[in-house]
Each structure stands twice: as C-alpha cells, then as structure tokens.
Amino acid sequence: MKPEKESLTPLMQQYQAIKQNYKDAILFFRLGDFYEMFGDDALKASPVLEVVLTKRQTVPMCGIPYHSSSSYISKLIKKGFKVAICEQVEEPSQAKGIVKRDVVRLITPGTLVEDNLLDTKKNNYLLAIYPHANIKSKTEEIGIAYLDISTGEFYLTEITDDKTLSKSKLELNRINPSELILPKSLKGSSLEHDLTSLGAVNFIEDWYFENQQAKETLLKTLNANSLKSFGIEDKTLAVSSSGALLKYLEETQKTALPPLRPPKFYSTDEYMLLDNTAIDNLELVENLSTKKRENSLLEIMDNTATSMGSRLMRRYLLQPLTNAEKIKMRQKAVKFFIDEGIMRRQIQDLLKNTGDLERIISRISSGLVMPREIIALKDTLILIPQIKNILTHPQTVIDTSPEIINHIITNLVELPDIVTLVTKCIAENPPADISKGGVIKSGYDNNLDELKKIAHNAKEYLAELEQKERRRTGINSLKIGYTSVFGYYLEITKANLQSVPENYIRKQTLVNAERFITQELKEYEEKVLTAEEKSIRIEQDIFSSLKKTILSESAKLHILSTTIAELDVFISFAKIARENNYCLPEITNAYTIEIKDGRHPVLEKKLIGKSFVPNDTLIDGNENQIILFTGPNMAGKSTYLRQVALITIMAQTGSYTPAAKASIGIVDKIFTRMGASDNLAGGESTFMVEMRETASILHNATQRSLLILDEVGRGTSTSDGISIARAVLEYFSKNRKNGIGPKVLFATHYFELTELAGIVEGIKNYNVCIKEWQDEIVFIHKVVPGPSDKSYGIHVAKLAGLPENVINRAKTILIELETNPSNLYNQPSLFQSPHPLQDEISKIDTDKMTPLEALEIISNWKKRYEK
Ligand code: ADP
C-alpha cells in the first residue's frame, strides 16, 4: 500500500523519516491547525477516535484539530496506545522549503501531565524493575524505582529476601503503576507476562540498567556528585532501575524533565503488605462491584480539602505503617486536631482554597501551565502565613504540640517573593492561554505598556484621522475601514472621487466606491500591527521568565505541597474521628487484636433504617488463633471479617477506629481469600483461583499476619472442601513459632469443622446468632461464642422469594435427609445410571452447586420419577 520513497512528496518523506523512530506509537503529525495520522496509524486510530478515514495519494489518513487534541489523546492512551506529538519546530515564515518538524513529546500512560488525562485524587506512577540474579545466595533480587512526573514524587525500594518474586508482586500491586519498564532482554519472558495485568509494559535497552551508567544518569538528574546524601549509595539494584527510569523519561519527554523530588528509599517492611486481592476484597480504595470510590474505605476516610491531601490519604491507606512508634506519632497529630476543633475548621476552610501545587509545578515545567494556574499558585502561597498563624496560635500550643505538628509548622515555607512577583506580573483574570496576550498586568513592563497603548489607542486615533481627512477633503461620507487583506483604507464614494487629494493612493475599486491609502495611514498600520505582535512576544517572554523564577523554587514548593497534604490528611483523620465517634486505638508490639464494640466503617454509614450492631473481637495467634465462624448466609459473617481487617488497617495508618475500644498488636500483612473471583480471562476455574490464593497465603503468612478466609474449599465437592479446609487450619495451628501463629478469621458453611475446636489447638468457634420466630428468622448480627446450630438455608431462600411450594418441598426433603444422615451427594439411588432422566441428573454439578440448588433439582427429579 505504501508508495515507493521516490514517489513521495517531500512532506511525506519527512513524515516517513520521523515515523521510523516512533514505530510503536501513533504519530500526531502537525499540519497547520491539525494533527494528521497516516498509514497504519490512521487505520488503528480512526475507529478509536471516531474520525473519518480518508486518503492522501494512496495512503490512508485521518486528522484531528490541534486545539482539542487532548480529548483524542486521552482516548488513545486509555486504549493502551502511545502518542508521539510531532510539531512544527520553526516558524513557517522562516522556513527554507518544507517546515522543520520533530517529535516534542511521547505520551505514554505513565508520563502524563495533562490535567484532563489524570485523576486528581490518584498518583500516576511510571515504574522500572530490575531483576537481578544473586549468584552467591542463588536468589532473584529486584530493584524497583517509580515516580509520578505530575507531582515529582520519586521512590525507590529493593526486595532481596528469599520470597522476592511473590513479595515484589505484592508491592507492585500496591503501587499500582500505569506503566512498567523492563530491560529489553526480558521481552517475552514470564515476568513480562505476569506484569501486563498491572499496566502497560515497555522496554528499554539493558545497558541503561547497568549500575555505573544508571548512577551517572541519576546523579545528573539530581544535579549531585554523590548519592551518599540521599542514603542510596549502596542500593545498587534500586539505583539501576532508577537510571533506566530516568532514561526512559528523557526519551519520552524530550523537553526538560519536570522537577523531581529527591528519591525516597524505603524498605517494604516499613509498611503492612496487603495481598493482591486484599485491596480489592476489603474495598480499600474502590468498591468491589462498582469499581468506584463510592462505598470504599477511602470514601469514608477521605475528608481532605485538597487534591494533594486526597492522594496522600490514598497512599496512607495502602501503606499502613508497621512501626508502633511512628503510628503513635501520627496518632498524636490526629489527637491534636481532635482537641483543637476551631483550629481544625479554620484551617480546613483555608485549605479548600488551595491549588494543586504539585501538579502546577510539573505543568509549569512541561509548558502546559495556564496563567490561571499561576494565579492559583500565588493564592495558595498567600494562605500559608495565615495557616501558620492559626497553627501556632496561641503561642503556648507550639511548646506542647506533637512532633509532627511542629514539623508541619516548620515546613510551611513562605515564598513572599513569588507572591509579590506574580501579583505584580499576572492580570487578575487572565485568559486561558498566553497565545493572544492579555496575561501580563499593566505597570509591570514599560515597553509592553507603550505597545499596548498604541494598539489600544488605534480606535481613537483613527476616528480623529477620519475627522481630519473629512475636513481636509470636504467629503463628509469619507470613512476609514480595515480588511485583513488590504489593511487600513480610506473609502470614498464614486460621487466624491473628484475631491480626492493627490497624496491618496488607489488600492481597490468597489461598485460604488474606491479605497485608498496614504503614507501616514500605512505607517500607522505598521505601528499598530507590529505593536500587537511585539506585545504578545514580550508577554510570552515575561511569562517564561516568571515560570523560570517559580521553578527555581521547586524544591521549596515540593516541601510545601507535601506539608499541605500532611496537614490536610491529619485534619481529615480528626474530622472523621469526631463525626463518627471513633476511638483512639492502643498500638502494641504484642500479637493480640482486641476490639470492643467494633463496627464496619463503611457499612455503618450506609445502612438505611437500621443501626449497625457492634461486635467484639479477640484474636491472639495463640489460644485464640483461629476464629471459626459459622452462621447462615446474610447473618453478617463477611461484614465481621472485613471489619476486623479494616479496623486494623485504619489503626496502623494512624487513624482513630470505629470501636468503643481497640488494642492492635502490629500486623505485618493482611491476606484475604473471599468470594468467588473467577479468573476467566486467565482460563482458571473458581476453584483453581481459590487454591492458588490459599497456597500463596500458606507460603507467605507470618506470626504477625492477619488472614481473612471466607469459605475456603467451597469451590469443590463437600468432602474435598472439608478435607482441604481442615488441613489448612491444622497447618496454621501446627506451624507456630514460639507458640504464636498467624491470626486467622475463618468463615465456613461446613458445620463439620466446628468439631475441630476441641481437637486442633487455637481454634475457637463463633457464630452470628439468629432469632427464630414463628418459622421466620430474624438476623440480629450479633457475634457470639460457640458453633451455629443449623444452616437456615431454606429460611434464607424464602426471604429471597423462592416460591412457597418449592420451599415446602425443600423442607420435607430436609427432614428426610436429616432422619437419614447419609451424605446428600453420595446417595447411590439418586445417581444410578443409566436412568431415564439422565439429562436432569447431569445438571447436578457437584463442584459449583449450593445445597439449595441440589435440593431443588433432586426434588423435581423425584416428583417426576414418582409419577
Ligand atoms: P454473610 O457473609 O453472613 O452472608 P454479610 O456479612 O454479607 O453476611 O451481611 C449481610 C447483610 O447483613 C449486610 O449487607 C448488612 O446489611 C447486614 N449486616 C451485616 N452485619 C451487620 C451488623 N453488624 N449490623 C447491622 N447490619 C449488618
């Protein structure tokens, strides 16, 4: 389809040459006011962008207007494409031959800075991984570096213990990057395969990961000559991955990198590890079924007033701390704001008016910033002294205020020079972009003011000139006008042509009139038009130098934005604690979790027409190691299990907790195995997924871990299920260290398991009790010690609206089965073959069926058989 090179126009030759270097991206090729796409790019993009596909010579093409490009870019990025933006890089008027063009940015999911492509409440991470085989210890070690260029945050970590791969998967899952970078040699590897579910995977040459090369890149970016002061000199794996990360950025960004913060190295042990499914199952940041923020823990906890605070809140939730002392420090800051209610409200009101400093700084550097955002930055800076004043008043507070609060006060850096400069420089209500001027305030630059005056006074001047020429010529109908082709002109009707003075130069003839110019008018026109052009250029220069001045303070601005975010988060913690009547949990290094009247933080806010029933918890890894839960569906088992995990997570973020009293022994990891999460795309059955998750829990749980297991063994036959569940429970009980094992909350349908309480050490039976009343059941959601007495499946079926006759029939069969306790699934008479109703029997899928479904099928079958 592609024509030979020789037959291509010079423009298409230029296109082909540029496209060569961006084969895996959609190239947006700037032609006048449009971005055009050609060839395969056009074929791929036009259906996504819903634009018409046309042809240029024989090449398919489509285009979009440049001024509305961002919504089109967004569509492509969301579909997983990269977009290379190719601009005209010289003024068409200066071009000798074809205008020079070049790619100015490669937009990928992990390198976005555009406001409308980003979620303001979520970080957008680009991440590089460097897997490295340690020959000595024969283990695979991993260096991870990631950053959010829209906020400048930059983190490093290394995973080097014996469970590297599974641990790094957990960490990557928590970071949730939009894009991952791997060494090219791993193209097609199993690691690539594993990572694609996390985000777009891209590759960069292996040598960029090479330590010396990486170190140089990092030092260059940090503008430093040693890594010592960053505490990462010996973190060779992390340094390797950060070198590659920065190189990739350099290649995609082209223009200057947004200012980055100093890299922050952390060890994964500093934070609670939340397993792959825990974040989903516990609905920490989004609801399981809607995939939205509503009805998640984050929705309840995030009462922040700024986007910076909101993003930090999300991070705190996904990274609960494991150091008791650090948690207590946070608690003190929260308590401070609980006690200082007026201060809290005053500061939150001020915070509501702050701009998103982090993203504004990045946007300044990428050239996308709008003048209005600079005003927002200034307005934010103006608030800082006010906030500081409130925080330090009365003076007595500061001496006794917690360390974190003092730290916040110190780091609320004031930048009065920037405030003054922006106030003087930028107009109060500037236009959206700088291209048409009107951004710089008058009085800031004399030259600019002069030029603006000329342009502004044009009307007055022309009116005067018109009058003067009328008087001079005696032609009262003489008028001055303007067209973009001829410029300014004097128009004289045909009837008056005889009075035209000699110095008039004829320019254009119309039906009833002629148009003229004079030397004076021409000179004036020149002055007005160049004045406008010049003033816009001066405005742009002033704006650029203002941006430079602001960027020179980016380190301080970064500190400031982090501090605002922290302040916002602690105030939010305090606010929800007050509003929802939370308690200050005691944080200990013991292994016990003890909760009095605990509540589910999300459900308690969402129940309509009834109140939440609080419940107690005691679980300690020893005598009360495994809490075995039985009880009918809908009783509240899952709610209870989740509630214990959520309270623990909240406590370790430093927040207060929904309970009357809580004592939390630090938890290092929370694993969950809940519900049926079919991995159909991965071609795995429910049972396979369930067992895989269980296996990962068995391998990774420690003495400090909290395990939430809901219906393990459910996906297979009853006897298999019971056997697996029992073996798993025995494993936890037997594999204790110094008498302490992981804390297990285990909900099950299998009553048989309740018998283990006396047999397997550490198992305690609990159930969510039910009141039976005139053949109805009432859920009272109260957790009590002891096993539940029966399943109430038929009661629940009735509540769900199954027809009366089916319910009655099920009850009869149940009585039959209870009097003849042979196992439902092993009754030989029901499964003898060949049988006339073989078809019916084949519907019985012992792997997936609930007892009620079995009863229904068998009951129908029996009825017909009896006939
Ligand atoms: P199970 O896991 O036992 O099937 P769930 O935990 O899903 O039950 O709870 C079912 C419903 O019962 C919940 O949606 C909620 O409306 C209600 N519920 C559960 N626990 C409580 C509680 N402690 N207080 C009030 N309502 C509750």
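Please read these numbers as outputs of a predicted model, since none were measured by experiment.

A.B. asks: I'm lost on the site of the ligand in this one. Help?
C.D. replies: Residues in contact with the ligand amount to 15 residues; listed here are only the nearest, Val613, Met634, Lys637, Ser638 and Thr639. At 2.7 Å, a backbone N or O of Met634 approaches an oxygen atom of the ligand. A distance of 2.6 Å is found between an oxygen atom of the ligand and a side-chain nitrogen or oxygen belonging to Ser638. Protein contacts shield 81% of the accessible area of the ligand, which totals 560 Å² for the unbound molecule. Broken down by element, the residue count for the shell around the ligand peaks at three residues, all from helix H22 (residues 637-653). Of the residues belonging to the shell around the ligand, the class tally is seven nonpolar, six polar and two charged.

A.B. asks: Help me understand the packing of aromatic side chains, please; the structure alone is not making it clear to me.
C.D. replies: Each aromatic ring pair is summarised here by two numbers: the centre-to-centre distance and the angle between the ring planes. Inspection of every chain in the model, using the stated rule, returns 22 aromatic pairs. Relative to Tyr524, the ring of Tyr461 lies with its centre 3.8 Å away and its plane at 15°, an arrangement referred to as stacked. Placement of Tyr461 in helix H18 (residues 446-473) and of Tyr524 in helix H19 (residues 519-551) is noted, with a sequence separation of 63 residues between them. Here Tyr461 falls in the partly exposed class, since its relative accessible area comes to 25%. With a centroid separation of 6.1 Å and an interplanar angle of 75°, the aromatic rings of Tyr731 and Phe732 are classed as edge-to-face.

A.B. asks: Help me understand the side chain of Ser296 in this model?
C.D. replies: Inspection of the secondary structure assignment puts Ser296 in the loop between helix H8 (278-281) and helix H9 (297-301). On the accessibility criterion, Ser296 (0% relative accessible area) is buried. Non-local contacts of Ser296, meaning those with residues more than four positions away in its chain, are made with Glu283, Leu284, Val285, Glu286, Asn287 and Val602.

A.B. asks: Explain unusual backbone geometry to me, please; I cannot follow it from the model alone.
C.D. replies: At Asn176, a residue that is not glycine, the phi angle is positive and equals roughly 55°. With respect to the secondary-structure elements, Asn176 resides in the loop between helix H4 (164-175) and strand S10 (179-183). Take Asn176: its relative accessible area is 35%, and that puts it in the partly exposed class. Located in the positive-phi region is Lys291, a residue other than glycine, with phi close to 60°. Inspection of the secondary structure puts Lys291 in the loop between H8 and H9.

A.B. asks: So what exactly am I meant to see when it comes to the nonpolar core here?
C.D. replies: If you look at soluble globular proteins, the nonpolar side chains tend to sit buried side by side. If you look at the biggest cluster of nonpolar residues, it comprises 130 residues, and the most contacted ones within it are Leu284, Phe337, Ile347, Leu391, Ile426 and Ile670. Ranked by the residues each element gives to this core, the list is headed by helix H20 (residues 554-580), at twelve residues. In contact with Ile347, not counting residues within four places along its chain, are Phe337, Ile387, Ile390, Leu391, Leu567 and Ile571. Within the second largest apolar cluster, 26 residues are counted, among which are Val113, Phe154, Ile204 and Leu222.

Rules used in this analysis
- Residues numbered from 1 in each chain as written.
- Predicted model: local features only at pLDDT ≥ 70, side-chain atom pairs only at ≥ 80, totals over all residues.
- Heavy atoms only, no water.
- Near = heavy atom within 4 Å.
- Polar contact = N/O pair within 3.5 Å; in protein donor to acceptor, adjacent residues only side chain to side chain.
- Areas by Shrake-Rupley, 256 points an atom, 1.4 Å probe, with all protein chains shown as cover.
- Helix = DSSP H or I, 4+ residues; strand = E, 2+ residues; numbered from the N terminus.
- Nonpolar A, V, L, I, M, F, W, Y, C, P; charged D, E, K, R; others polar.
- Phe/Tyr/Trp six-rings, centres within 6.5 Å; stacked < 30°, edge-to-face > 60°.
- Buried < 20%, exposed > 50% of the residue type's maximum accessible area, 1.4 Å probe, protein only.
- Contact = heavy atoms within 4.5 Å.
- Core = buried A, V, L, I, M, F, W, Y, C linked by side-chain atoms within 4.5 Å.

Geometric descriptors of this kind do not, in isolation, establish any biological role.
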